[in-house]
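Residues per chain are reported as follows:
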Amino acid sequence: MAPIIVSLGNPLLDIQVSPEEGPKYLEKYGLKSNDAILAEEKHMAIYDDIVANAKVTYVAGGAAQNAARAAAYVLPAGSVAYIGSVGEDDLKQTLLSANEAEGVQSAYQTQTSPARTGACAVILSNHDRSLCTTLRAAEMFNPSHLATPEIAELLNGAKYFYIEGFFLTHGIESALEVAKQASSRGKTVVLNLSAPFIPQFFKVQLEELLPHVDILIGNESEAGAYKEAAGMGDASLAQVASTLAAMTKSNASRPRLVVITQGADSTLVASSAASGSSGNLAPEDENPKTYPVPKLAGDKIVDTNGAGDMFAGGFLGALAQGKSLNESIEVGHKLGQMCCGQIGPKLVFPKENV
Ligand code: 26A
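Note that this is a predicted model, so its numbers are computed, not measured.

Q: Explain the confidence of the model for the protein chain here, please?
A: In this model, the protein chain carries a mean pLDDT of 96, and residues with pLDDT of at least 70 account for 100%. Predicted complex metrics record ipTM = 0.97 and pTM = 0.97.

Q: I tried to follow the site of the ligand on my own but got confused; where do I start?
A: For the ligand, the set of nearby residues contains 19 residues, the closest of which are Asp14, Gly62, Asn66, Thr133 and Asp309. Between a nitrogen atom of the ligand and a side-chain N or O atom of Asn10, the distance comes to 3.0 Å. For the ligand, the protein covers 97% of the area, taking 460 Å² as the surface of the free molecule. Those elements giving two or more residues to the shell around the ligand turn out to be strand S2 (12-17), strand S3 (35-38), helix H3 (63-74) and strand S10 (128-134). Taken together, the residues of the shell around the ligand sort by class into 9 nonpolar, 7 polar and 3 charged.

Q: Could you clarify how one ought to interpret the state of the cysteines in this entry?
A: Joining two cysteines, a disulfide is a covalent bond between their sulfur atoms. Enumeration over the complete set of coordinates arrives at 0 disulfides. The thiol of Cys120 is unpaired, and the distance to the nearest cysteine sulfur, on Cys132, comes to 7.4 Å. Just so you know, Cys339 is unpaired, no disulfide at all, and the nearest cysteine sulfur is the one on Cys340, 5.8 Å from it.

Q: Can you help me understand helix H9 (residues 220-229) in this one?
A: Two residues of an α-helix separated by three or four positions point the same way, owing to the 3.6 residues in each turn. When we look at burial in H9, the residues that qualify are Glu222, Ala223, Ala225 and Tyr226. All buried residues of H9 project into a common sector of 155° when viewed along the axis, lining one side. As for H9, its buried residues are in contact with strand S12 (188-192), helix H7 (197-201), helix H8 (203-209), strand S13 (215-219), helix H10 (237-246) and strand S14 (257-262). Two or three places before Ser221, at the opening of H9, Asn219 has a side-chain oxygen 3.1 Å from that residue's backbone nitrogen. Residue Gly231 follows H9 closely and has a positive phi angle near 65°.

Q: In this structure, what is going on with the packing of aromatic side chains? I would like to understand it.
A: For any pair of aromatic rings, the description rests on two quantities: the centre-to-centre distance and the angle between the ring planes. All chains considered together, the criterion is met by 6 aromatic pairs. Aromatic pair Tyr82 and Tyr108: ring centres 6.1 Å apart, planes at 90°, arrangement edge-to-face. Of this pair, Tyr82 sits in strand S5 (residues 80-83) while Tyr108 is found in the loop between strand S7 (104-106) and strand S8 (109-110), placing the two residues 26 residues apart along the sequence. Its relative accessible area of 0% is what places Tyr82 among the buried residues. Both rings, one in Phe141 and one in Phe167, keep their centres 5.5 Å apart while their planes meet at 70°; by these two values the pair is edge-to-face. Here Phe141, found in the loop between S10 and helix H5 (149-157), pairs with Phe167, found in the loop between strand S11 (160-164) and helix H6 (172-184); they are 26 residues apart in sequence, far enough to count as distant. For the pair formed by Phe141 and Phe167, the shared burial category is buried. Each residue in the set Phe166, Phe197 and Phe202 is aromatic and connected to the rest through ring pairs, giving one cluster. We note Lys351 situated over the ring of Tyr73; from NZ or CZ to the ring centre the distance is 5.5 Å.

Basis of the calculations
Residues numbered from 1 in each chain as written. Predicted model: local features only at pLDDT ≥ 70, side-chain atom pairs only at ≥ 80, totals over all residues. Heavy atoms only, no water. pLDDT = per-residue confidence, 0-100. Near = heavy atom within 4 Å. Polar contact = N/O pair within 3.5 Å; in protein donor to acceptor, adjacent residues only side chain to side chain. Areas by Shrake-Rupley, 256 points an atom, 1.4 Å probe, with all protein chains shown as cover. Helix = DSSP H or I, 4+ residues; strand = E, 2+ residues; numbered from the N terminus. Nonpolar A, V, L, I, M, F, W, Y, C, P; charged D, E, K, R; others polar. Disulfide = S-S within 2.5 Å. Buried < 20%, exposed > 50% of the residue type's maximum accessible area, 1.4 Å probe, protein only. Arc of directions from axis to C-beta. Contact = heavy atoms within 4.5 Å. Phe/Tyr/Trp six-rings, centres within 6.5 Å; stacked < 30°, edge-to-face > 60°. Lys NZ or Arg CZ within 6 Å of the ring centre and 35° of its normal.

Written out as structure tokens, the structure is:
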């Protein structure tokens, strides 16, 4: 089966430190308890440090790669492919195995230089997670990969394209190429804001891509960072979502849907179309609309790393199956919750019915 969803992002191996040991490393490296950043010079020692001195767990990560695995969870085998750049090393092998086990086709560009596959130090504390990433081979992604026959065929055949905002730190050219081609052919382009620092420091790239985006996904802190970057004063979350939904679109025949999650609090959805007017890209009744989140008991939460990605991937997988907006949000919530009960960005196998 040719993939119907293609996901694009930075392939990373997550190196997790438990909530017991986490606070020590947060303090040592000056990290916020709930954040996602690119490692600066002062953070570079963290990877060797935690591997040598903490009890770490290795899990497949990379925001869009997690979402790809979540979409694959709800779709028939062979439905999802993932594109990103890796090095020729053991980290790549770990990521390949995780994708294969969960039905995601890895369409990697492998760097021939000695660059290693990217890694993310995931420092857990309470129910928070601090992500500190060194992109390495991931930021060497070259747009020429998109023109190789194998990838061109993938891009031609797919109907949904998922791009992580994180990719905009280095890959705007490739992201634009994928999104423009897709939207000019009436396909669906999904962008995840990924982290507050993307609207904060990559607003130019974000606004260049946004016209080609049909579905924008983010969480409350990312929406808050956009509000600030856009000078929207004390606008409410609903106003921010509706403003983003209403911004210019290159494919004007389809509305834009904006989905803002808030952890265990309700998810907010806004569409540029009037409610009830636009299949699964606008709520049926109210717009914006809030969807309550089923709560996982505190003692069942193992860690929240990847929960937002699993929500996004599950949501998109369900939409791609033709499910309604309400049903798709529900599937997203279920996968986000399932992920919170696992160590790292993982789901439960054998598969549960969602
Ligand atoms: C460019 N940066 C900072 C990143 C990331 C990232 N994925 C791509 N680019 N920083 C953290 N992640 C991934 O986010 C997931 C949780 O949402 C981590 O690998 C983690 O699995």
